[in-house]
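# Residue-level structure breakdown
Letter by letter, the chains look like this.
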Amino acid sequence: MSEVLVLIDHVDGAVRKPTNELLTIARRLGEPSAVFIGPADQAAGAVETVKKYGAEKVYVVDDAEIKGYLVAPKAEVLAQLVEKTSPAAVLIVSGGEGKEIGARLAVKTSSGLITDAVDVTAEGVTTQSVFAGNYSVTSKVTKGTPIIAIKPNSASPEETAGAGTVEEFAATISDAAKTAQIVAAQPRQSTGRPDLTEAAIVVSGGRGTGGDFAPVEKLADALGAAVGASRAAVDSGWMPHTFQVGQTGKTVSPQLYVANGISGAIQHRAGMQTSKTIVAVNKDEEAPIFELVDFGVVGDLHAVLPALADAVEARKN
Ligand SMILES: Cc1cc2nc3c(=O)[nH]c(=O)nc-3n(C[C@H](O)[C@H](O)[C@H](O)COP(=O)(O)OP(=O)(O)OC[C@H]3O[C@@H](n4cnc5c(N)ncnc54)[C@H](O)[C@@H]3O)c2cc1C
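Cut-offs and rules
- Residues numbered from 1 in each chain as written.
- Predicted model: local features only at pLDDT ≥ 70, side-chain atom pairs only at ≥ 80, totals over all residues.
- Heavy atoms only, no water.
- Axes fitted to C-alpha atoms, helices over the stretch in contact; angles between N-to-C directions.
- Helix = DSSP H or I, 4+ residues; strand = E, 2+ residues; numbered from the N terminus.
- Parallel < 35°, antiparallel > 145°, perpendicular 65-115°, else oblique.
- Left-handed = near helix turned anticlockwise from the far one by under 90°.
- Contact = heavy atoms within 4.5 Å.
- Nonpolar A, V, L, I, M, F, W, Y, C, P; charged D, E, K, R; others polar.
- Buried < 20%, exposed > 50% of the residue type's maximum accessible area, 1.4 Å probe, protein only.
- Pairing = 2+ DSSP bridges.
- Core = buried A, V, L, I, M, F, W, Y, C linked by side-chain atoms within 4.5 Å.
- Domains from an automatic or database assignment.
- Buried area = accessible area lost by both parts, 1.4 Å probe.
- Polar contact = N/O pair within 3.5 Å; in protein donor to acceptor, adjacent residues only side chain to side chain.
- Near = heavy atom within 4 Å.
- Areas by Shrake-Rupley, 256 points an atom, 1.4 Å probe, with all protein chains shown as cover.

## Focus on the packing of helix 3 (residues 72–85) against helix 4 (residues 96–109)
- Running from amino to carboxyl end, helix 3 crosses helix 4 at an angle of 50°, the nearest separation of the two axes being 9 Å. The orientation of helix 3 relative to helix 4 falls into the category oblique. Judged by the twist between their axes, the crossing of helix 3 over helix 4 is right-handed. When helix 3 is examined against helix 4, the residues Ala72, Lys74, Ala75, Glu76, Leu78, Ala79 and Val82 are found in contact with a partner set consisting of Glu97, Ile101, Arg104, Leu105, Lys108 and Thr109.
- Partitioned by chemical class, the residues of the contact of helix 3 with helix 4 number seven nonpolar, one polar and five charged.

## Some details on the environment of Glu167
- Along the chain, the position of Glu167 falls in strand 11 (residues 165–168).
- A relative accessible area of 26% means that Glu167 is categorised as partly exposed.
- Sequence separation between Glu167 and Ile278 is 111 residues; the distance between their C-alpha atoms is 43 Å.
- Apart from the residues lying within four places of it in its own chain, the contact partners of Glu167 are Lys57, Val58, Tyr59, Val60 and Lys84.

## Quick word on the sheet that holds strand 14 (residues 256–260)
- Strand order in the open sheet formed by five strands is 13-12-14-15-16, with parallel pairing between adjacent strands. Edge positions in the sheet fall to strand 13 (226–229) and strand 16 (295–298), since each has one partner strand and no second. Between one strand and the next, the sheet's axes are offset by a mean angle of 15°, whatever the strand orientation.
- The strands that helix 8 (residues 301–316) touches are strand 14, strand 15 (277–282) and strand 16; relative to strand 15, the one it contacts most, it runs at about 130°.

## Here's the deal with the pairing of strand 10 (residues 147–150)
- Here strand 10 shows two buried faces, one formed by Ile147 and Ala149 and the other by Ile148 and Ile150.
- When strand 6 (residues 89–93) meets strand 10, the two strands line up parallel, connected through four bridges. Paired with Ile92 across the bridge in strand 10 is Ala149.
- The sheet contact formed by strand 7 (residues 113–120) and strand 10 spans three bridges and is parallel. In the strand pairing of strand 10, Ala117 is matched with Ile150.

## Digging into the nonpolar core
- Among the nonpolar cores identified, the biggest contains 29 residues, and Ile8, Phe36, Val50, Val58, Leu91 and Ile150 are the most heavily contacted of them.
- Mapped onto this core, the elements with two or more residues apiece are strand 1 (3–7), helix 1 (17–29), strand 4 (31–38), helix 2 (43–52), strand 5 (57–62), strand 6, strand 7 and strand 10.
- With five residues, the single largest contributor to this core is helix 1.
- Look past the residues within four positions of Ile150 in its chain and what remains in contact with it is Leu22, Ile25, Leu91, Ile92, Val93, Ser94, Ala117 and Val120.
- Of all hydrophobic cores here, the second largest spans 25 residues; its members include Val71, Ala72, Ile147 and Ile173.

## With respect to the environment of Ala149
- Within the fold, Ala149 resides in strand 10.
- Along the sequence, Ala149 and Asp116 sit 33 residues apart, while their C-alpha atoms lie 5.8 Å from each other.
- With sequence-adjacent residues up to four places away left out, Ala149 is seen in contact with Ile92, Ser94, Lys99, Ile114, Thr115, Asp116 and Ala117.

## Some details on the domain arrangement of the protein chain
- On domain assignment, one finds that the protein chain holds domain 1 (3–178) and domain 2 (201–316).
- For domain 1 and domain 2, the distance between their C-alpha centroids amounts to 32 Å.
- Taken together, the contact pairs eight residues of domain 1 with nine residues of domain 2.
- Together, the buried faces of domain 1 and domain 2 total about 620 Å²; carbon and sulfur atoms form 45% of this surface.
- Counting across the domain 1 and domain 2 interface gives one residue pair in polar contact (both at pLDDT 80 or more).
- Residue composition of the side of domain 1 that touches domain 2, grouped by class: two nonpolar, five polar and one charged.

## Examining the site of the ligand
- The immediate surroundings of the ligand are formed by 25 residues, with Arg207, Ser230, Thr248, Ser263 and Asn282 found nearest.
- Between an oxygen atom of the ligand and a side-chain N or O atom of Arg207, the distance comes to 2.6 Å.
- Between Asn282 and the ligand, the recorded distance is 2.7 Å, taken from a side-chain N or O atom to an oxygen atom.
- Contact with the protein chains hides 75% of the accessible area of the ligand, taken as 990 Å² for the molecule alone.
- Counting residues per element, the ones that place at least two in the shell around the ligand are helix 6 (231–235), helix 7 (266–269) and helix 8.

## A few points about the side chain of Glu76
- Its place among the elements puts Glu76 in helix 3.
- Overall, Glu76 belongs to the buried group, its relative accessible area being 11%.
- Look past the residues within four positions of Glu76 in its chain and what remains in contact with it is Lys108, Thr172, Ile173, Ser174 and Ala177.

What follows is the structure in structure tokens.
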């Protein structure tokens, strides 16, 4: 069975959840081989995690020589691994960095690239949701090694033990890949909540909050969810732009999306309508968001959300 290379997305060796989703998808296509690019002394923790999600092999690439540079060296590492392993596919998380690595890798290996996939079949046929979510497109790479960037939350990570055999891989990085150097990097201040694009549950608020996001945040914390916002809420200065969901904000595809005081404008839907289950709380029973929901509550969010959060807490206890 051919290997399927999965680039590990990690922060200081802590593997981020989308990697486990990719490993789950990789098992449909062949034998998952994870690729760790980072400090060698942080690899052990990552190996333990990816093993649990079926990685048979883990290529460990020490990044001492390349960590001060932007993504070009990572694409070179992957290109050399593609050359070595002739994999059935290369899977990367579809974020800003992942898409750039994928594009560079596609050029280097003369291969086809598909980005923003939300599903991949065993035959390598991918699904993308396009035009503000109004069309689903299925496509397949026809040349070279399929390079597929997959959106977070496209699969539920399923545990299965892999051998996790570690192989150190010494890549040769060209000077051409070292032309953009990182001068400084500061981590964003953590909200203590999951990242919006990766969260399994997102609780969002709109103009209907009237600027009071406390009930939205209370429910989010009860559910262990990320907080999102409509553009109306962001434009009013109630929430930072990084929280905006929609056409000109983030695209999310969680297991559960709870829209509160959000009317359901097409531009908002574009960012959330591929969510698996959609719940809305809105005091207007004619609000367009109700056309989209699995469950709808007609009511004042300031009454409904605290009651719901209390019920969730009570259930947890
Ligand atoms: C080019 C372009 C790009 C855009 N990009 C985005 C984008 O990325 N994301 C985005 O969200 N929008 C975007 N918009 C804006 C979009 O068209 C809508 O204006 C916006 O989504 C409306 O936000 P809202 O639903 O919070 O507000 P409204 O449409 O004003 O809806 C508020 C809702 O709250 C309900 N409500 C009021 N009080 C309560 C209460 N107490 N309890 C319960 N419900 C209550 C009301 O019944 C109403 O349905 C874009 C627009 C354009 C033109």
